[in-house]
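# Tertiary structure, described
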Amino acid sequence: MKNLLGGKGANLAEMANLGLPVPPGFTITTEVCTYFYANGKTYPADLKAQVDTALARLEEAMGATFGDPVNPLLVSVRSGARASMPGMMDTVLNLGLNDVTVQGLATRSGDPRFAYDSYRRFIQMYGNVVLDVDHHHFEDILDSHKRDRNKSFDTELTAEDWQAVVADYKKMVEHELGRPFPQDVQEQLWGAVGAVFSSWMNARAITYRKLHDIPADWGTAVNVQCMVFGNMGADCATGVAFTRNPSTGENAFYGEYLVNAQGEDVVAGIRTPQHLTIAGKESNKSDLPAMEEVMPEVFNQLNEVRLRLEKHYRDMQDIEFTVQQGTLYMLQTRNGKRTAPAALKIAVDMASEGLIDKAEAVKRIDPASLDQLLHPTLDPKAERKVIAKGLPASPGAASGKVVFSADEAEQQAALGDAVILCRIETSPEDIHGMHAAKGILTTRGGMTSHAAVVARGMGRACVAGAGELRIDYKTKTMAVRDVIVREGDIVTIDGSTGEVMLGSVPTIQPELSGDFAKLMEWADGLRRMKVRANAETPLDAETARKFGAEGIGLCRTEHMFFDPNRILAVREMILAETEAGRRAALAKLEPFQKQDFVELFTIMAGLPVTIRLLDPPLHEFLPHTDAEMEEVAKAAGTDPLRVHQRVVQLHEANPMLGHRGCRLGITFPEIYEMQARAIFTAVAELKAAGQTVTPEVMIPLIGTRKELDILKGVVDGAAKQVMQKTGQSFEYHVGTMIELPRAALRAGEIAETAEFFSFGTNDLTQTTYGISRDDSASFLPDYQRAGIFEHDPFATLDQEGVGELVAIGVERGRKTRPNLKVGICGEHGGDPASISFCESVGLDYVSCSPYRVPIARLAAAQAALSSDTVKRD
């Protein structure tokens, strides 16, 4: 019932049903949140009565009364959306305390220190979350009290100290707001409920939703739960744990706790948390005792709960717990955020353990997260100057300029700089800067701190709790011993070891074996669609093969023309005024082109290679500066003025819709003839050496069948010529790119000539929307903010408009030619949501950049599983 109760509420109910020790509580549903925003931030008429009834049941269960001066019931008020959004929304603990009930709590617990500590926490959280008083006001007061008493830790303050802190907190709140801190417990409760609903639309929650594609209309639930206390003394504790290691995926209990503390203390990074297990303590070289040593009985209970929850949910869980006077209480469980390497290991291990099947393991991995595995780590042989060490909070390595604020990180990253965000501790307000940064470094906080959890979810390298470093926001410096690092200096962090290094450290490419290879093998066994790569250089082709590409779906021949050895011949061809002059220049290019194809065909070893003939307008190859024009004129034996005139002559007002693609082939057929001849000569040469190659020659930007008929004639003529000359016969296919709406609509007649279609969805999106991809960045964000576009249509395929043209093209093309091979080769070929659409319309393959091939392989398997087109043996 996550949609109604939110993730937290549903999981609390589930744990209660399992008979686990969960403090009593109730959930105000997500429907109320929807009503709240639709009706000017008001509540349904019958909500108050329902909440009163639910509160009465809590009072009965706990034998205490809300607001009672002698035996007060205290509650926590927490958010809980359908999707886990750690740290993004607001929480209030110890609600129900006031100047009177705090005395009742002190008397009943026999511990005034605990009572006043709880009251100051409540004023601080409620003041910040509900009354919007900046948290630094509270911190300043607390710090000055500790300084006055010469104390370092909160735990050293006495009941009298806390009473003085409470008095100063209340004075400050009244000074800031012009009204006293609320004493009415009902006012407190409804204030907190309203604050949680309001936090659904706070800036950090909106940013998080945008980054994780969570719809705004889902809303959040509110959970009201009886308080249990981890801050009543040495037999009390609070902690956060993961049922497996969220950084590596190792099947080991992983987490942190604090004795005599409340939940926020562990994740806020204010005190250094202790490890749950002896193994965790030893591996992180901590001197602080583990829970396994301090509270062995409770630890064993917690470990039992861990195993039970993982077996029940069949996934790694992130759990929160409190120990009150030796009794364990579970406050939350949810599927844990994890790094890509951990997700992979957990999925493969759980399949091997029989907890889940292989198909479920494949479904568990977010294809986009594989990006984290396909990128470099620090070269172990490289020299490194380590200046500090923190906790290895999120794996991966990153180098970049030091910045000390989230805003600065975002600004520098927008200018193209790699940055490392360095903070004393991060808070949810920093999320935009964390997303912009290559890595995150904090001087406070543990492995379950906000920085660590968010960095792991985003795939950013993170080192947390590097306590030797002293960050000074005013001077924008970071100091350790005699080393001072200033804003703008380069540092490297290693999120797998916790090391912080001066300068940039070289990296090495990832190993794609073990769990990665196993999961990919399972995915390949399930998917129907093939995955090819867009590649034109030998390096691209080799990378694509390494990542499992099953051919080249787009070889852009024009990229080969920009090589310094060839560009002069290309320019000479463009400047030639006669066909004979153009042919002479093309003859210089042909051996280079042939060699390109020999190399690509050899690397692809018999796999299909789709070669797109020249596509961009000719002016793209011409020089722009006077010096370059002179060089071209000299090489072509002509006057620089002539070169300048040709540049002016070829200039187009709208080159994207101008003289390019097949239109060049119609005007200058000798260009396509040379390219086709180079392709077929390479095929013949390799065939003579005993290799099989079946090239696919692709004509770009076809709008009419007649264009394709003419140019197929040119290609067939070149093939015939090479066969006669070499005595080798070979197979080849001629097809087209569908990148104009007219071509999709007339696909039936185009398929009479074309043997295959490849949808060029970059251009098809441009021509369907009438939006230039190169110029759209200035207004697309406004369109997304206004809700016109949910996604950038150049990143994720517009399934309703462009998608309908693709579906029409496939249907009409296959009606004419039932065995028509159909693929996609735009940027969308590597986008998981677009791949799912490609599966639904029956494409044979997707083609994407080499580094996205594993992402596409996994996404294709998941698409097959969700549409039940799984490849069966």
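Small disclaimer: the values here were computed from a predicted structure and weren't measured.

## Notes on the overall build of the protein
Of the regular secondary structure elements, the protein holds 35 helices and 32 strands. In terms of its C-alpha atoms, the protein occupies a principal-axis envelope of roughly 105 × 60 × 50 Å. Looking at the protein as a whole, 55% of its 873 residues qualify as buried. Here the protein displays about 36,200 Å² of accessible surface, and carbon together with sulfur accounts for 50% of that area. Computed over 91 positive and 117 negative side-chain charges, the inter-centroid distance for the protein is 4 Å.

## Things to note about unusual backbone geometry
Even without being glycine, N260 reaches a positive phi, approximately 55 degrees. When you line up the elements, N260 lands in the loop between strand 8 (254-259) and helix 10 (263-268). Positive phi outside glycine occurs at A605, with the angle close to 45 degrees. Turning to its location among the elements, A605 is positioned in the loop between helix 23 (579-604) and strand 27 (609-612).

## Section: the sheet that holds strand 20 (residues 477-480)
Here we have three strands laid out as an open sheet, ordered 19-20-21, and antiparallel in their pairing. Either end of the sheet is taken by a strand with one partner, and the two such strands are strand 19 (470-472) and strand 21 (483-486). Averaged over all adjacent pairs, the angle separating strand axes in this sheet is 20 degrees, with direction ignored. The pairing of strand 20 with strand 21 spans four bridges and is antiparallel. Bridge pairing in strand 21 links M478 to V485.

## Regarding helix 9 (residues 203-211)
Turning to helix 9, its buried residues are R204, A205, Y208 and R209. Looking straight down helix 9, one finds its buried side chains confined to an arc of 135 degrees; they lie on one side. Exposed residues pointing more than 90 degrees away from the buried face of helix 9 are listed as A203 and K210. Looking at the buried residues of helix 9, the elements they touch are helix 8 (185-199) and helix 17 (431-436). One side-chain oxygen at the N-terminal end of helix 9 lies 3.2 Å from the backbone nitrogen of R204; it belongs to N202. After helix 9 finishes, the residue D213 shows a positive phi value of roughly 50 degrees.

## What about the packing of helix 5 (residues 112-129) against helix 6 (residues 135-148)?
Viewed as axis vectors pointing N to C, helix 5 and helix 6 meet at an angle of 155 degrees, and their least axial separation amounts to 9 Å. It follows that helix 5 is roughly antiparallel to helix 6 by the angle criterion. Contacts between helix 5 and helix 6 involve R120, I123, Q124, G127 and N128 on the former and, on the latter, H135, F138 and L142.

## Focus on a negative patch on the surface
A cluster of acidic residues, D132, D134, E139, D140, D143 and E176, forms a negative patch on the protein surface. Of the residues forming the negative patch, the biggest block, three residues, is contributed by helix 6. By the element assignment, D143 lies in helix 6. Overall, D143 belongs to the partly exposed group, its relative accessible area being 36%.

## Re the nonpolar core
Residues F601, F680 and I699 are the most contacted members of the largest nonpolar core, which totals 123 residues. A per-element tally of this core places helix 27 (residues 669-688) first, with eleven residues. With sequence-adjacent residues up to four places away left out, I699 is seen in contact with L613, C662, Y672, L708, L711, V715, V734, G735, T736 and M737. Membership of the second largest hydrophobic core comes to 82 residues, among which are Y116, V166, C236 and L421.

## Looking at the sheet that holds strand 7 (residues 237-242)
Read across the open sheet, the five strands follow the order 9-8-7-10-11; overall the sheet is antiparallel. Because the sheet does not close on itself, it has two edges, and the strands there are strand 9 (274-275) and strand 11 (327-335). In terms of strand pairing, strand 8 meets strand 9 through two bridges, oriented antiparallel. In the strand pairing of strand 9, E256 is matched with H275.

## Some thoughts on the pairing of strand 31 (residues 821-824)
Two elements, strand 30 (residues 756-759) and strand 31, share four bridges in a ladder whose sense is parallel. Bridging from a neighbouring strand, F756 pairs with K821 of strand 31. Pairing geometry for strand 31 and strand 32 (residues 845-848), over two bridges, is parallel. Its bridge partner being in strand 32, G823 is matched across the sheet by Y845. After leaving strand 31, the chain enters helix 34 (residues 832-840) and then returns to the sheet as strand 32, a path that is right-handed.

## Considering the pattern of salt bridges
This structure, assessed with the given rule, holds 50 salt bridges. With a shortest N-O distance of 2.7 Å, E749 and R746 are connected by a salt bridge. With a relative accessible area of 25%, E749 lands in the partly exposed category. Accessibility expressed as a relative area gives 38% for R746, which makes it partly exposed.

## Remarks on the packing of helix 34 against helix 35 (residues 853-867)
Direction vectors running N to C along helix 34 and helix 35 enclose 50 degrees, while the axes themselves pass 9 Å from each other. By the angle class used here, helix 34 and helix 35 are oblique. Once helix 34 is placed against helix 35, the crossing between them reads as right-handed. Residues P832, I835, S836 and E839 of helix 34 form the contact with helix 35, whose own contacting residues are I855, A856, A859, A860, A863, A864 and S867. When its residues are assigned to classes, the contact of helix 34 with helix 35 shows eight nonpolar, two polar and one charged.

## Details of the packing of aromatic side chains
Evaluation of the coordinates by the stated rule reveals 21 aromatic pairs. An angle of 55 degrees between the planes, with centres 5.3 Å apart, marks the rings of Y783 and F789 as tilted. Taking the relative accessible area as the measure of exposure, Y783 reaches 33% and is therefore partly exposed. Within the aromatic cluster, the residues linked to one another by ring pairs are F36, Y37, Y43, W190 and F197.

## Side note on the environment of R470
Relative to the helices and strands, R470 is located in strand 19. Owing to a relative accessible area of 56%, R470 belongs among the exposed residues under this scheme. For the pair R470 and V480, spaced ten residues apart in the sequence, the C-alpha separation amounts to 6.4 Å. Not counting chain neighbours up to four residues away, the residues in contact with R470 comprise T477, M478 and A479.

## Side note on the side chain of R582
Among the structural elements, R582 can be located in helix 23. Side chain to side chain, R582 and E670 meet in a polar contact 2.5 Å long. Discounting chain neighbours no more than four positions away, the residues touching R582 are M573, A576, E577, F668 and E670.

## Thoughts on the state of the cysteines
In this structure the tally under the stated criterion is zero disulfides. Note on C825: no disulfide assigned, nearest cysteine sulfur contributed by C838 at a separation of 11 Å. On the accessibility criterion, C825 (3% relative accessible area) is buried.

## Examining the pairing of strand 17 (residues 439-442)
Side-chain alternation along strand 17 places G439 and L441 on one buried face and I440 and T442 on a second face that is also buried. Pairing between strand 16 (residues 419-423) and strand 17: four bridges, direction parallel. Opposite I420, over in strand 17, you have G439 as the bridge partner. Remark: the strand 16/helix 17/strand 17 crossover connection has right-handed handedness. As defined by bridge partners, strand 17 adjoins strand 18 (residues 461-464) across three bridges and the pair is classed as parallel. By the bridge assignment for strand 18, I440 is matched with C462.

Cut-offs applied
Residues numbered from 1 in each chain as written. Predicted model: local features only at pLDDT ≥ 70, side-chain atom pairs only at ≥ 80, totals over all residues. Heavy atoms only, no water. Helix = DSSP H or I, 4+ residues; strand = E, 2+ residues; numbered from the N terminus. Buried < 20%, exposed > 50% of the residue type's maximum accessible area, 1.4 Å probe, protein only. Areas by Shrake-Rupley, 256 points an atom, 1.4 Å probe, with all protein chains shown as cover. Lys, Arg positive; Asp, Glu negative; His and termini not counted. Charge placed at Lys NZ, Arg CZ, Asp CG, Glu CD. Pairing = 2+ DSSP bridges. Axes fitted to C-alpha atoms, helices over the stretch in contact; angles between N-to-C directions. Arc of directions from axis to C-beta. Contact = heavy atoms within 4.5 Å. Polar contact = N/O pair within 3.5 Å; in protein donor to acceptor, adjacent residues only side chain to side chain. Parallel < 35°, antiparallel > 145°, perpendicular 65-115°, else oblique. Patch = residues over 30% accessible without salt bridge, like charges linked within 9 Å, V, L, I, M, F, W, Y side chains within 5 Å. Salt bridge = Lys/Arg side-chain N within 4 Å of Asp/Glu carboxyl O. Core = buried A, V, L, I, M, F, W, Y, C linked by side-chain atoms within 4.5 Å. Right-handed = clockwise from strand over helix to strand, strands pointing away. Left-handed = near helix turned anticlockwise from the far one by under 90°. Nonpolar A, V, L, I, M, F, W, Y, C, P; charged D, E, K, R; others polar. Phe/Tyr/Trp six-rings, centres within 6.5 Å; stacked < 30°, edge-to-face > 60°. Disulfide = S-S within 2.5 Å.

These figures capture arrangement, not role.
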